[in-house]
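# Tertiary structure, described
As a plain string of letters, each chain reads:
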Amino acid sequence: MPHLVIELSDNLTDQAQDVVHKVQQAALSCGLFDAPSVKSRAIIYQHFALGNLSDSFIHIQARILSGRNDKQKQELSDCLLDCLQHYWPNEGCLSVEIVEMDKQSYRKQQK
């Protein structure tokens, strides 16, 4: 855990792998997760509308297992947003959302 789902506007397609890598490293630097448990992926959007009329966005949805306290969730959110602000300061809209997954019902299989 966590699953980091990174949503990007299509004008950032050529930077998608770099975004995934830097966000993954930022999540690890927070000290809440071990390296093998962090899974990151990007989704590129061609069609979108932003209320501030910006032409670009990066949004991170960090899906984590339930059980973290509010301070830990805030630290993760701040850490991820700091990463975006550092590497992509000129992009129109940067946002982070922490979503808890129920520990009792989450399942996975790894090979």
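Note on numbering: residues in each chain are counted from 1, in written sequence order. Per-residue local features are limited, in this predicted model, to residues with pLDDT of at least 70; the limit for side-chain atom pairs, both in listing and counting, is 80 or more; totals at the level of whole chains, interfaces and linings are taken over all residues. Only heavy atoms go into the side-chain values, all of them from the structure, while hydrogens and water stay out.

Going along the chain from the N terminus, every DSSP run of H or I of four or more residues is numbered as a helix, and every run of E of two or more is numbered as a strand. Of note, isoleucine 44 is situated in strand β2 (residues 39-45). Whether a residue is buried, partly exposed or exposed follows from its accessible area with a 1.4 Å probe, protein chains only, as a fraction of its type maximum: under 20%, in between, or over 50%, in that order. Residue isoleucine 44 is classed as partly exposed on the basis of its relative accessible area, which comes to 35%. Between the C-alpha atom of isoleucine 44 and that of isoleucine 6, which follows or precedes it by 38 residues, the distance is 8.5 Å. Residue contacts follow a heavy-atom distance rule, with two residues in contact if any of their heavy atoms lie within 4.5 Å. Dropping the residues within four chain positions of it, isoleucine 44 is found in contact with Leu8, Ser9, Asp10, Thr13 and Ala16.

Within the secondary structure layout, leucine 84 lies in helix α2 (residues 70-87). The residues touching leucine 84, leaving out its near neighbours within four places in the chain, are Val23, Ile58, Ile60, Pro89, Leu94, Ser95 and Val96.

To define a nonpolar core, start from buried Ala, Val, Leu, Ile, Met, Phe, Trp, Tyr and Cys residues and group those joined through side-chain atoms within 4.5 Å. One finds Leu4, Ile6, Val23, Ile58, Ile60, Leu76 and Leu80 to be the most contacted residues of the largest nonpolar core, which totals 25 residues. Only β1 (3-9), α1 (16-29), β3 (57-65) and α2 provide two or more residues apiece to this core. Among the elements that make up this core, the one with the highest residue count is α1 (six residues).

Multiply 1.5 Å by the residue count of a helix minus one, and that product is the helix's expected span. Between its first and last C-alpha, α1 extends 20 Å over 14 residues, near the 20 Å set by a 1.5 Å rise per residue. Regarding α1, the residues found buried are Ala16, Val19, Val20, Val23, Gln24, Ala26 and Ala27. Buried positions in α1, seen along its axis, are confined to an arc of 160° and lie on one side of it. Away from its buried face, by an angle of more than 90 degrees, α1 presents the exposed residues Gln17 and Ser29. Contact partners of the buried residues in α1: β1, β2, β3 and α2. Looking one or two residues beyond α1, the residue adopting positive phi is glycine 31, at roughly 80°. In this description, the arc belongs to the directions extending from the helix axis to the C-beta atoms.

A few words on the sheet that holds β1. Strands pair, by our definition, only if DSSP identifies at least two bridges between them. One open sheet accounts for four strands, arranged β2-β1-β3-β4; its pairing is mixed. Strand pairing shows two members of the sheet lacking a second neighbour, β2 and β4 (93-101), which therefore form its edges. Sheet twist, expressed as the average angle between the axes of neighbouring strands with direction ignored, equals 15°. Both β1 and β2 contribute to a ladder of seven bridges, which runs parallel. Paired with histidine 3 across the two strands is lysine 39, which belongs to β2. As a rule, the C-alpha atoms of each element are fitted with a line to give its axis, helices using only the stretch in contact, and angles between N-to-C directions run from 0 to 180 degrees.

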